[in-house]
Amino acid sequence: MNLLDFKQSILQGIPSTMPEKYNYKNIDTHAPKRIDCLSKPEKKLAVENALRYFPKKWHQELSEEFLQELNSFGRIYMYRFKPKYKIYARSINDYPHKCKQAAAIMLMIQNNLDDNIAQHPEELITYGGNGAVFQNWAQYLLTMKYLSTMKEDQTLSIYSGHPMGLFPSSKDSPRVVITNGTMIPNYSKPNDLEKFNSLGVTQYGQMTAGSYMYIGPQGIVHGTMITILNAGRKIGFKNLNGKLFVTSGLGGMSGAQAKAAVIAGCIGVVAEIDKQVIEKRYSQGWIDEKFDNLSELSTRLKTAKKNNEFISIAYHGNIVDLWEQLLKDKIKVELGSDQTSLHNPYSGGYYPTGLTFNQSKTLISSEPELFKQKVQETLRKHVSLINQHTEKGMYFFDYGNAFLLEASRANADILDSNQKFKYPSYVQDIMGPLCFDYGFGPFRWICASGTNTDLDKSDKIAAEVIEKYLQEADEEIKPQLQDNLTWIKNAKLNKLVVGSKARILYSDSKGRIEIALAFNKAIRDKIISEPIILGRDHHDVSGTDSPYRETSNIYDGSQFTSDMSVQNFVGDSFRGATWVSLHNGGGVGWGEVINGGFGMVIDGSIECDKKIKNMLFWDVNNGIARRNWARNPNSIYSIKKAMNENSSLQVTIPVLVDKKTLEFI
Ligand SMILES: NC(=O)c1ccc[n+]([C@@H]2O[C@H](COP(=O)([O-])OP(=O)(O)OC[C@H]3O[C@@H](n4cnc5c(N)ncnc54)[C@H](O)[C@@H]3O)[C@@H](O)[C@H]2O)c1
């Protein structure tokens, strides 16, 4: 399809003639079939809801087709309306538009739905199994149409994928306001999601899926690298030369561990039970070497340690067998973690020892109780081996995969004398205090021209800003700035760009603002050819309230509230964001987290300088202020510093109580 046809197709929205019927093929990329949970009257309602998008004359034919989709897949995706043109992040000027901000949003939507990026593109799922951009193809078509006609004084409201419409607003308002999965609290249980998603009235937006801000695997590699480096610092290593990091999982997110270990400068060994997964990572170049034989692996590790190699090694087998062998061969492990999918322990997220991969898969459905028993036995052994390694000086952390929780449910030796977990989670010990509390988080940008030249220039500009900042920074944050400088200088070499020309760079408030201002100037001076889209992951300082992850290092009881993320969403919207989003669910599950994010298109104007200073400052310092109020020391330090630098900022500082005062209670 040529560019003109593509533009016409976007402008048309729902086509005027019915597209041909969809030919469903059994391909791996299809989303899992969702449960069939609606009663007959509810199914009738779901089909009626779906037909709202189409002319009456099509209703008879479509009602039968949509019912069939609902019965077969648990959802109505409206497969036949998936457009015929290729969906990917094009250059901003390829999108028909009346305002550039809207064109930039179209680019981001298409990036999230790119066949080479999205996990289940046919079902509009970007990642995480159910992270949806839209519920169905009609919503996509209508949204693109609205964006292509949008003027600079209109705002599009998106209700869980459904474009409610364009409303008059003002030039300074966001162009799009998105909510995903927001529910009346009593209707926010996992089964409610199944029901209301099947009815077509809500969806699971994950974090960057439903907010159009996904940038592929780059984000997770950078975050994992930061975690490994800081885990090393926790136990006193200035660098990780010759140090061994052992973990498991080379899957969706866990696959980043191997690549991140090499970038962090250590030896990373990752156990993976599924041979196919290892082959995929090996062919991508994310794994340098692979082993089946444990004693050969031990010999290799001794050499790698002696030579201080930066290397990633996959062990094909069970993580528990690997931990056992390393103990037997007296190989010192400095850092340890686990990224099996223990959030889903009994349906294939975690494989027991003593069985082959295929034997396990059969047992899951043939004898689920026996399978559960074997998983729990393995978990007990797993923890016992970890305990023996930590007694020898290893630092172990939970990687947000429910390892500690499931180990405790399996009665493993994972609790200390106070009945608390023996080991910390990565947010409690690392990301929280060392990054989020200081304001460091996953800032990102996308070059809307779609050119590598602009991306290279932006990398160089960001590196110069951080280099300058590092010279004048306080000692407290120098290590973080140094990590970011190393990352951005090597970013191109690491070859992690997939899809849109995007870059991630952990930064604090000052870093984000200075980098964005420098980009805006470069656009103004025509050094960078087209606008840049600024954004971030929701897994950040202020964007996410999640008591077992992002806000797990909040200890004043407020970790079960979601004021911070809601305040952030609203606050960003009137300080200059081009679009804002607020989601229920993401990462740890529906009902377990509220998270939000933004996108900001900068075009070189002086107006954008003001928006950058105002919105990015709030976007980070809102979270630091809340973390300060929860008495987190690094945030008390950071917010006081921010107040010194900006006299308009006045934040309430907590009065710390002498613990002795409370001893009588
Ligand atoms: N990387 C992050 O930043 C991050 C953040 C939060 C949570 N997590 C959690 O990490 C977990 C992994 O995520 P994913 O997307 O990679 O999942 P995934 O299911 O794609 O990958 C997990 C891998 O572990 C392997 N595995 C399972 N049991 C094993 C065993 N006993 N020995 C060796 N290998 C085994 C599986 O074959 C699979 O390939 C999830 O629970 C996720 O929620 C990751």
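Every value quoted in this text rests on a predicted model; they were computed, and no experiment measured them.

Each value, and the rule that gives it
- Residues numbered from 1 in each chain as written.
- Predicted model: local features only at pLDDT ≥ 70, side-chain atom pairs only at ≥ 80, totals over all residues.
- Helix = DSSP H or I, 4+ residues; strand = E, 2+ residues; numbered from the N terminus.
- Rg over C-alpha atoms; globule rule 2.2 N^0.38 Å.
- Buried ≥ 20, exposed ≤ 12 C-beta atoms within 10 Å, placed from the backbone.
- Contact = placed C-beta atoms within 7 Å.
- Axes fitted to C-alpha atoms, helices over the stretch in contact; angles between N-to-C directions.
- Parallel < 35°, antiparallel > 145°, perpendicular 65-115°, else oblique.
- Nonpolar A, V, L, I, M, F, W, Y, C, P; charged D, E, K, R; others polar.
- Near = placed C-beta within 6 Å.
- Domains from an automatic or database assignment.

Visitor: Would you mind showing me how to read the overall build of the chain here?
Guide: Scanning the chain for helices and strands turns up 22 helices and 17 strands. Relative to a compact globule of 665 residues, whose C-alpha radius of gyration would be 26 Å, the chain shows 25 Å and is just as compact. Each principal axis of the C-alpha distribution contributes one length, and for the chain these read about 70 × 65 × 55 Å. Sorting the 665 residues of the chain into buried and exposed places 51% on the buried side. Counting contacts in the chain only where the partners sit at least 6 residues apart, residues at least 24 apart contribute 72% of the total.

Visitor: Honestly, the packing of helix α1 (residues 3–12) against helix α5 (residues 137–149) in this entry has me stumped. Any pointers?
Guide: Between two packed helices, what matters for the description is the angle formed by their axes and the separation of those axes. For the pair α1 and α5, interaxial distance at closest approach is 7 Å and the crossing angle is 105°. Compared by their axis directions, α1 and α5 come out roughly perpendicular. Where α1 abuts α5, its residues Ile-10, Leu-11 and Gln-12 lie against Met-144, Lys-145 and Ser-148. Of the residues belonging to the contact of α1 with α5, the class tally is three nonpolar, two polar and one charged.

Visitor: I keep staring at the site of the ligand and nothing clicks. Help me out?
Guide: Residues in close proximity to the ligand total 29 residues, the closest being Gly-251, Gly-252, Ser-254, Gly-400 and Asn-401. At the level of secondary structure, the elements contributing two or more residues to the shell around the ligand comprise α7 (218–234) and β7 (267–272). A total of three residues in the shell around the ligand trace back to one element, the largest contributor, which is α7.

Visitor: How should the domain arrangement of the chain be read in this particular structure?
Guide: Bring the parts together and some accessible area is lost; that lost area is often taken as the interface size. Domain boundaries assigned for the chain yield domain 1 (3–198), domain 2 (218–424) and domain 3 (440–653). Distance between the C-alpha centres of domain 1 and domain 2: 38 Å.

Visitor: What exactly am I supposed to notice about the environment of Pro-83 here?
Guide: As for its position among the elements, Pro-83 is in the loop between α3 (59–73) and α4 (100–113). With 64 residues separating them in the primary sequence, Pro-83 and Pro-19 have C-alpha atoms 8.9 Å apart.

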